[in-house]
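Report on the structure
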Amino acid sequence: MLSNKKNLDKMKKEDKETTIYGSRYFAKGISKYVMPDEGMPARAAYQLIHDEMNLDGNPALNLASFVTTWMEPEAEQLINESLDKNFVDNDEYPQTEVIQSRIINMLARLFNAPEDCESVGTGTIGSSEAIMLALLAHKWTWKKRRQAEGKPYDKPNIVMGADVHTVWEKFALYFDVELKLIPLKEDIYVISAEDVAAEVDENTIAVGAVVGTTFTGQMDPVKEINDALLKIKEEKGWDIPMHVDGASGGFIVPFLYPDMEWDFRLEQVRSINVSGHKYGLVYPGIGWLVFKDKTDIPEELVFDINYLGGSMPNYSLNFSKGSSTIIAQYYNFIRLGYDGYKSIMENMSENAKYLSKKLKETGKFEIINKNTTFPLVALTLKNSNFTTYQLSDKLRERGWIIPAYTLPPNAEDVTVLRMVIKETFSRDMVNMLFDDIMNVCEKLEESFEEEHRKEDHSLLY
Ligand SMILES: *Cc1c(COP(=O)(O)O)cnc(C)c1O
């Protein structure tokens, strides 16, 4: 708009000659709810929005989220180069599809899919879409089996712990499946195989297990649940698949604990999701869904799309989406390799353990994830005169974003503070964060004591 002469001539003199901050657009309000009649120069629009975004928190100090806040410049370059490609146009951009399929192959092997299986999968917007798609497939398989047996199929249910992410509850609600949610206990924030065995029945479409819970970064006992389901299969004939939610853990366990059996090595584990934008180290939004074998996804659910030219299978909830995060995931895979991921995971884990140890030694906190299996620290306050919410608020004044929240039922009396340690969070940052936490605790104690002195004082008169 700015480039052609006619437009330039039309522009007001002050817009051409002053700096952008001196232009009239900065002395006028911008239209927020009605599209403005007239536009403004690109530079002014950019600066107005850019400045507004400064009100957001600083991603580098955001310990609330698992999601990636930094990638290498080369990855960003590739992302920029693919911003204009719609992933679904895959006849036009066949190479993106080829790359996606290489990633699925790598993931299936990372998750130890048996040699005799033909794993399939798809890239998604995040783990949420991946979980919905996985559970829909299991629901469909269950329904077909019930139909074939001439049995009713109107009461599907799904069994999982209250430690699952909200997307599991969304699935049950949106897709009309009864939710059998196993409550947590006072001091154990994952489920047990016995809990699961007691809840499943012939109408159970799948059992959910979490590797790296959102709340405390702990793990449901996937292997024990698998064994319980195998026993049930043998005794009652119910072949109940397990879907493992490895949104964060799927990129941690294979590198830090390769011998831990949580994946396709276990017979009943039929599908796994992982968030590429969490410990896959890619910017948001990319998730992955892998089925152990192509028989785990009913073919009716895979749509064959031919109106973009050629023919392609499509299993997704939405249609168009960007390609750039898929390319970025592939960049990380070939750039880092297994060893590269492993050393990043080790660093994060060391730093999380270091922070956890330092905080524990102050005697002020009770660490919830005592083994620090995943690189995060979840803690509660020990008999202090202030709450985790106050601590969280005060830390925010320094820029740190550290959420305080209550655990799911029946552990809702426990309020925790959670700090996710990411790749960019150096030992130095850990030390600065620790010092700030200590300062804030001291200040909160002081103001509590001051309040008390005032109260005592007022009683005297
Ligand atoms: C983050 C998370 C999700 C949701 O994943 P998105 O990639 O944000 O859609 C689901 N389950 C668990 C355990 C998570 O940590």
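Residues numbered from 1 in each chain as written. Predicted model: local features only at pLDDT ≥ 70, side-chain atom pairs only at ≥ 80, totals over all residues. Heavy atoms only, no water.

**A short note on the overall build of the protein**
Put simply, the rule is: Numbered from the N terminus, helices here are DSSP runs of H or I no shorter than four residues, and strands are runs of E no shorter than two. Partly exposed describes any residue whose relative accessible area lies between the buried limit of under 20% and the exposed limit of over 50%, with all areas from a 1.4 Å probe on protein chains only and scaled to the type maximum. We call two residues in contact whenever any of their non-hydrogen atoms come within 4.5 Å of each other. All accessible-area figures derive from a Shrake-Rupley calculation using a 1.4 Å probe, and residue coverage is judged against the displayed protein chains alone. Charge counting treats Lys and Arg as positive and Asp and Glu as negative, with His and both chain ends excluded. One atom stands in for each charge, and that atom is NZ of Lys, CZ of Arg, CG of Asp or CD of Glu.
Within the protein, the regular secondary structure consists of 13 helices and 13 strands. The principal-axis extent of the C-alpha atoms belonging to the protein is close to 80 × 75 × 45 Å. For the protein, buried positions account for 47% of its 461 residues. Put simply, of all contacts in the protein between residues at least 6 apart along the chain, 70% involve residues at least 24 apart. For the protein, the accessible surface area stands at approximately 23,600 Å², while carbon and sulfur atoms represent 52% of it. The protein carries 51 positive and 72 negative side-chain charges, and their two centres are separated by 4 Å.

**Let's talk about the environment of asparagine 318**
Formally: Throughout this description, a polar contact denotes any pair of N or O atoms lying within 3.5 Å of each other; where both atoms belong to protein, one of them has to be capable of donating a hydrogen while the other can accept it, and for residues adjacent in sequence the pair is counted only when both atoms sit in side chains.
Within the fold, asparagine 318 resides in the loop between β9 (312-314) and α11 (324-361). Note: C-alpha distance between asparagine 318 and threonine 124 (194 residues apart in sequence) is 9.0 Å. Among the polar contacts listed, one links the side chain of asparagine 318 to the backbone oxygen of serine 320, at a separation of 3.1 Å.

**Comments concerning the layout of surface pockets**
Any empty space left between the atoms is revealed when a probe the size of a water molecule rolls over them. Basically, it comes down to this: Put plainly, a pocket is an open set of points on a 1 Å grid over the protein atoms alone with protein on both sides within 12 Å along at least five of seven lines, a cavity is a set where a 1.4 Å probe fits but cannot get out, and a lining residue has an atom within 4 Å of a point. Grid points are joined across faces, edges and corners, and a volume is the space filled by probe spheres set on the points. Following the grouping adopted for this structure description, the nonpolar residues are Ala, Val, Leu, Ile, Met, Phe, Trp, Tyr, Cys and Pro, the charged ones are Asp, Glu, Lys and Arg, and the polar ones are all others, Gly among them.
For the largest pocket, the calculated volume is near 480 Å³. Lining of the largest pocket is provided by 24 residues; of these, Gly121, Thr122, Val302, Pro313 and Tyr315 occupy positions nearest its centre. Of all the secondary structure elements, the ones that give two or more residues to the lining of the largest pocket are α5 (94-110), β1 (120-124) and β9. For the lining of the largest pocket, the class distribution of residues is 11 nonpolar, nine polar and four charged. Taken as a whole, the second largest pocket holds about 340 Å³ of empty space. Elements supplying a minimum of two residues to the lining of the second largest pocket: α5 and β1. Residue contributions to the lining of the second largest pocket peak at five residues, all from α5.

**Concerning empty space enclosed by the protein**
As a reminder of what qualifies: Domain delimitation follows an automatic or database domain assignment.
Overall, the coordinates contain three cavities of 30 Å³ or more when judged by the stated rule. Empty space within the largest cavity amounts to approximately 90 Å³. Along the walls of the largest cavity sit Phe66, Val67, Thr68, Thr69, Trp70, Lys278, Tyr279, Leu281, Met348, Lys422, Glu423 and Thr424, which together make up its complete lining. The residue makeup of the lining of the largest cavity, split by class, is six nonpolar, three polar and three charged. Three or more residues apiece are contributed to the lining of the largest cavity by two domains, here domain 2 (73-333) and domain 3 (349-459). Of the pockets and cavities examined, the second largest cavity occupies roughly 70 Å³. Broken down by class, the residue content of the lining of the second largest cavity amounts to three nonpolar, five polar and two charged.

**Observations concerning the domain arrangement of the protein**
Filter applied, for reference: Within this document, salt bridges are pairs made up of a side-chain nitrogen of Lys or Arg and a carboxyl oxygen of Asp or Glu, the two lying within 4 Å of each other.
Splitting the protein by domain gives domain 1 (2-56), domain 2 (73-333) and domain 3 (349-459). Using only C-alpha atoms to locate each centre, domain 2 and domain 3 end up separated by 33 Å. Contacts between the two partners involve 22 residues from domain 2, matched on the other side by 21 residues from domain 3. Across the contact surface, domain 2 and domain 3 share zero salt bridges.

**Comments concerning the packing of aromatic side chains**
Selection rule: Pairing of aromatic side chains requires ring centres within 6.5 Å, counting the rings of Phe and Tyr and the six-membered ring of Trp. Pairs whose planes differ by under 30 degrees are stacked, by over 60 edge-to-face, and all others tilted. To sit over a ring, a charge needs its Lys NZ or Arg CZ within 6 Å of the ring centre and within 35 degrees of the ring normal.
Applying the stated criterion to the full structure yields 12 aromatic pairs. Relative to tyrosine 341, the ring of phenylalanine 255 has its centre 5.2 Å away and its plane inclined at 15°; by these criteria the two rings are stacked. Residue phenylalanine 255 is found in helix α10 (residues 253-256), and its partner tyrosine 341 is found in helix α11; the two are separated by 86 residues along the sequence. Of the two residues, phenylalanine 255 and tyrosine 341, neither departs from the other in class, the shared state being buried. Among the aromatic residues, those joined into a cluster by ring pairs are Phe251, Phe255, Phe333, Tyr338 and Tyr341. The residue whose ring lies beneath lysine 358 is phenylalanine 434, and the NZ or CZ to ring-centre distance is 4.6 Å. Positioned over the ring face of tyrosine 354 is arginine 427, at 3.9 Å from the centre of the ring.

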